[in-house]
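For reference, the chains in residue letters:
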Amino acid sequence: MADYDVESVIRKIVDAKGSTWSPHEKIPLIAKELEQQKADLRLFLGNCDFDMNAIYNESTELCAESKDLIQEMEKCKKEIEQETMAEILKSIENHDQIAKQLESINFAWNIVSDIVKCGKYVKNFDEGREAQSFSKAVESVYDMLKFIETPAEGFEQLDLYANTKNTARLILDSLLNDLYQAWFRMISYTTQPDSSKTVITLNINIDNSLVSIDVLNALDKCEKLSEKISEFADFLKKEVFVPILQHDCLVCVESDEVATITINYKQNYTPTYGDVIGNLRLLFHFLNNKFNVDFKPDKSIMRMLGNLIASELCEMLIKDCFIDTIPNNINDLQRYTLVTNDIADFQNFLTVLKIFPPEGLSLLSYMDRIDVLFADRSSQHFLATARTIMMKDLSVTMSIGVEKIPDDPVSFDIFEDDPHVVEALETFDKTVPKSLFYFPRCMISKTAQELLDLVYMVMEQAVQCSDVVCKKLYYTARLIFELYDAVVPYHHENYLHTIPQYVALFHNNCMFLAHNLQMLGDKWLSLLDREPQYAVGFIDLVQRVRTLGHRHLAAHMQQQRKQILDNIRSSDLNCIVVKDVLSENAEAAVRQCLRQLQILKNVWIGVFPPNVFTRLMGTLVNMFVEELIHRVCSVEDISMEMASQLTDMYTLVVQKSPTLFQSQSDVEQHVKSWIKLQELIFVLGGSLKDIENHWNDGCGPLAVHFKREELRNLIKALFQNTQFRANLLAKIK
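First, a word on scope: everything that follows refers to the structure included in this document.

Definitions and limits used
Residues numbered from 1 in each chain as written. Predicted model: local features only at pLDDT ≥ 70, side-chain atom pairs only at ≥ 80, totals over all residues. Heavy atoms only, no water. Pairing = 2+ DSSP bridges. Helix = DSSP H or I, 4+ residues; strand = E, 2+ residues; numbered from the N terminus. Axes fitted to C-alpha atoms, helices over the stretch in contact; angles between N-to-C directions. Contact = heavy atoms within 4.5 Å. Parallel < 35°, antiparallel > 145°, perpendicular 65-115°, else oblique. Nonpolar A, V, L, I, M, F, W, Y, C, P; charged D, E, K, R; others polar. Patch = residues over 30% accessible without salt bridge, like charges linked within 9 Å, V, L, I, M, F, W, Y side chains within 5 Å. Areas by Shrake-Rupley, 256 points an atom, 1.4 Å probe, with all protein chains shown as cover. Salt bridge = Lys/Arg side-chain N within 4 Å of Asp/Glu carboxyl O. Lys, Arg positive; Asp, Glu negative; His and termini not counted. Charge placed at Lys NZ, Arg CZ, Asp CG, Glu CD. Buried < 20%, exposed > 50% of the residue type's maximum accessible area, 1.4 Å probe, protein only.

What the four strands build is an open sheet, ordered S1-S2-S4-S3; its pairing is antiparallel. Whereas interior strands pair on both sides, the edge strands pair on one side only; in this sheet they are strand S1 (187-193) and strand S3 (248-253). For this sheet, the mean inter-axis angle between neighbouring strands, taken without regard to orientation, is 15°. Where helix H7 (residues 225-246) meets the sheet, it contacts S1, strand S2 (197-204), S3 and strand S4 (258-264), and its direction lies at approximately 145° from that of S2. Here helix H8 (residues 273-291) sits on the sheet in contact with S1, S2, S3 and S4, set at roughly 30° to S3.

Shown next, in the form of C-alpha cells:
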C-alpha cells in the first residue's frame, strides 16, 4: 500500500484559492474520500500475505493470559508480605547474634594470639641464651618489645601485658649490660697521665670468630653499635689525634691486640708532618687489622669508624699540620711537591683502609689557595724574624756611612740626546743636597743592618711571586717598620732610660732606617717586572721613624739636663745670697757636672756623627754654663772671698769644657754663653776700672754679652757703694 499523504488530500479538497466555501460543501467530498480509503484498505488486507484474523485472535488470547499472570503475581505478593517477611526479620535477628558472638571470639583470639607470640619470643630468647647467642637473644627481646608496642585490643589491660613489658625491658637491660661487658673485653683503652708524659693503651680483641660477630650483630640489632663506635671515635679525636698533631708522640704496636701511644710534653715543640703521618699510619694499620671485620654485608667497624672521623680528621690535619708545612720562601715553595706527594700517598692509604671515602675529601684541598697561605706564612715568618732581631742587644755595633760627601760632579752624558732631561737633572742636582743620598759616618747597632737586610730579603722574594703574594709582602715590609716603633722602645725601655750609649745607638738606628726608607720604594719598583695595581712607597714612614729617634734622644737630653741642674741646685751655688763663703760641695757639684759631661763625651764620641755629637755636647755645656751664670747674676751681695771661690770654680769650667769637644775651637761656636762666662770671670776678679774699660761706653765685650740690668746688679753685689761705683752705674744706665 502506497504511502498516503493526508495533507495533500486536504489541500486538494479545501482549495485555499477559492473565494468562499463552507464546511457543508466540503463534508461530502471528505466522506467520499474516506470511503475510497476504506475500499483501498479492504483491498490491501485481502491481498496481504498475513492472516490478520489469526493475529487478532492470538493477541486476544495473550491479553487474557497476561491478566491471569497479573492476578497470580498479586497473590504471590500477598503471601510474601504475610509469611516470608516474618521469616526474613527472624533471620536478621539471628545474624546479629552470630556477629556478636564472632566479635567476642575474635577479641579473645587476638589476645590469646598476642600471648602466644609473647611466649614464642620468650622461648626464642631462652633458646638464644642456652645457645650463648647474643644476637638471637637480643633479636627475640627486641622483637617482643616492638611487638608489644602495638598490642591487640584488651591485651594491654591484662596484668600479663605489664609484667611481660617490664620483664622484656629488664631482660634487654641485662642483655645490654652483658653486651657492653663483651664490648669492653673486645675494645678497651686506658690513659695514664703524668706531668711529663701520658701513655694511652689500646687493647683490641676483635676477629672473625663467631663470638665477635655475634656480639657485633647483637649491638647492631639493638642500635647500640653506632653509639659505642662513636664513643671510641670521640676518644680517638680528642685524646689521640690532637696530641699526635701537637706533641712529641710515639705509636708502638706491641702485639696483635695491644698498641700504645706515648705523648711527651715538650716546651715549644711542634711535630713535623712526617712524624704525624708516620704515627697515624701505624695507628690506623693496627686498627685496620682488628676492625676490618664484615659482620654484615658491606658493613664493618672500620667503615663505620671512618664515617665518624673522616671529616674532622681531614680538617684537623690540614689546619694543625699540613698548612704549617707551607714554606716561607720561594725556593722551598718550588720544591713543595715532595711534601704534597707524601700527603697524597697518605690520603690514598686512608682511602684503601676505608677511613676516607673514595671521593669528597681531600687532604690537599688547601692547595687551592696556596698563594694566600704562602703569603700569610711568609709574612708571619718575616714579622717573627724581625721581632727577634729587634729584641737583640743594641750594644753590638758596627760602623757605617761616609766620612766625607764626595764632590765629584755628576755626569749626564747618557741623556745628551734629550736636552730637557739633562736640564731637569741639572736643576735637581743643584736644588737637592747631596747629603740626602749619603749617610754620615757613625755607629749603629748590627740589628739595624740585620733588619734592613731582612727587608731587602722580603723585597727580593716579593718580586718573584704572584701579585697576591707580592702585595702581601709589601705590606709586611711596611709592618716591619711599624713594628720597630712598637717593639724596640718597649723591649729596651730600661736601657734607653739609663744608658746614654743605647740612646745614641737607637737614635742612629732610626736615622739609618729612615735614610734607607727614602729610596726603598724606588728600589722595590725597579726590581718589579710589572706595574703594580697599588701604590708602592715608604716615604710616609720616614718622618715617623725619625721622630721616634728624636723623641728618645730629646727625652734623654732632658734627663741629662735635669741631672746637671739637680747637682748645681743641691749645692751651695743655689744659696749664694745667704752665704759669705761657699762650702766644698759647690766645687764638688761643678766637678760632678764636668765628669758627667766627660762620660757623655766618652760614650757618644765616635757613636754619633761628628756634627750631631758637637751640637748635643754644645747644648748641654751651654745649659750648664747658663745655669752657672744665672746663679751669680741673680745674687744681691757677693763677698770678696766668695767671688774668689766663684772665679776659681768658673775658671775650672773654662779650662775643662773645651776638652769635651772633638776640637777645642768648637766650644766657642756651639756654646752661646761661652764668652759671657769668660766675661763673668773677668768681672768677678776685676776692679771697677777694669769693668769700666770692658764696658767702654756700651761698646765693649761686657756690653755685647750682658744686659745693662744684669751688669748693674753684678756690680752692686760685688762692690761697695762708692762714688766711683755710682759713677760707673750711672754710665751703664
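Viewed as axis vectors pointing N to C, helix H14 (residues 446-462) and helix H15 (residues 467-491) meet at an angle of 170°, and their least axial separation amounts to 8 Å. Considering the angle they form, H14 stands roughly antiparallel to H15. Contacts between H14 and H15 involve Leu 451, Leu 454, Val 455, Val 458, Gln 461 and Ala 462 from the first element and Cys 470, Leu 473, Ala 477, Ile 480, Phe 481 and Tyr 484 from the second. Split into classes, the residues belonging to the contact of H14 with H15 amount to eleven nonpolar, one polar and no charged.

Moving on: a negative patch on the surface. Together, Glu 58, Glu 61, Glu 65, Asp 68 and Glu 72 make up a region of like negative charge exposed at the surface. One can find Asp 68 in helix H3 (residues 52-130). Overall, the relative accessible area of 47% leaves Asp 68 in the partly exposed class.

Pairs can form between side chains of opposite charge once their charged atoms are near each other. Under the definition given, this model contains 16 salt bridges. Measuring nitrogen to oxygen at the nearest pair gives 3.4 Å for the salt bridge that ties Glu 627 to Arg 569. Here Glu 627 is found in helix H20 (residues 610-633), whereas its partner Arg 569 is found in helix H18 (residues 539-569), with 58 residues between them in sequence. Overall, the relative accessible area of 8% leaves Glu 627 in the buried class. Beyond isolated ion pairs, a larger network of salt bridges with shared partners links Asp 234, Lys 237 and Glu 312.

Interpretation note: all reported values are geometric properties and have no functional meaning in isolation.
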